[in-house]
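# A closer look at the structure
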Amino acid sequence: MSNHQLTERIEVRHGNGLTTIKESDEVDVITIAGMGGGLICDILTKGKRHLFNAKTLILQANVAAELVRSWLHNHGYKLQNETMIQEGEHFYEVIVAVSNDEAVVDPYEGVDETLAMRFGPLLMKEQSDAFMQKWRNEYAHLHRIKDQIAVANHQDLNSNEAYVRIQKQIDQIEEVIPNVSNSARDH
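Attention in this report is confined to the structure presented alongside it. (Residues numbered from 1 in each chain as written. Predicted model: local features only at pLDDT ≥ 70, side-chain atom pairs only at ≥ 80, totals over all residues. Heavy atoms only, no water.)

## Some points on the overall build of the protein chain
Per the secondary structure count, the protein chain includes seven helices and four strands. Helices (α) and strands (β) of the protein chain occur, in sequence order from the N terminus, as β-α-β-α-β-β-α-α-α-α-α. In terms of its C-alpha atoms, the protein chain occupies a principal-axis envelope of roughly 65 × 40 × 30 Å. Looking at the protein chain residue by residue over its 187 residues, the buried ones come to 38%. When contacts within the protein chain are restricted to residue pairs at least 6 apart in sequence, long-range pairs at least 24 apart make up 63% of them. Total accessible area computed for the protein chain in this model is approximately 11500 Å², and 47% of it derives from carbon and sulfur atoms. Of the side-chain charges in the protein chain, 18 are positive and 28 negative, and the distance between the mean point of each set is 3 Å. (Helix = DSSP H or I, 4+ residues; strand = E, 2+ residues; numbered from the N terminus. Buried < 20%, exposed > 50% of the residue type's maximum accessible area, 1.4 Å probe, protein only. Contact = heavy atoms within 4.5 Å. Areas by Shrake-Rupley, 256 points an atom, 1.4 Å probe, with all protein chains shown as cover. Lys, Arg positive; Asp, Glu negative; His and termini not counted. Charge placed at Lys NZ, Arg CZ, Asp CG, Glu CD.)

In structure tokens:
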């Protein structure tokens, strides 16, 4: 901060989650990044009363972004933007949501809400290269797990909860990404 002459403009606070934000603060954007979706939701839930003037939330969940989308949807925030970033083998979903902004079109309108929560309604629509690669990788990974379950269990696989759950996830990927079975094998 001091190298860039920002000490007069930036106030650093140490605290738990959003509890350091006061109603008198002029905080209009909050960023929470680099943790799991469950923890982000926990921070937002515990700190909801500290969101006072925050009109925009920028959230990046390393895993379980669907939990973040669900929390936002259930608490009156609208998705303004979503982007998928790939860094090496890792994929990061960045979600930008706004509160009570009538100008933002509801991205869940006209799409299967379960799929939209899992994949991101705006990400599904854009289908960027990073998005496609993440779900190709996940598709191949789920097939490997399903095959391992099939080898380990000599019983009726339709009665195996894990097998059925994984097949449902595979079916969802196939529904969102056409021809994923062909492209996943190529990678």
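Still to come is the rest of the account.
## Focus on helix α1 (residues 37-46)
Within the sequence span of α1, burial applies to Gly37, Ile40, Cys41, Ile43 and Leu44. The arc enclosing the buried residues of α1, seen along the axis, measures out at 160°, which places them on a common side. Check the buried side of α1 and you find it contacts β1 (29-35), β2 (56-61) and α2 (65-74). (Arc of directions from axis to C-beta.)

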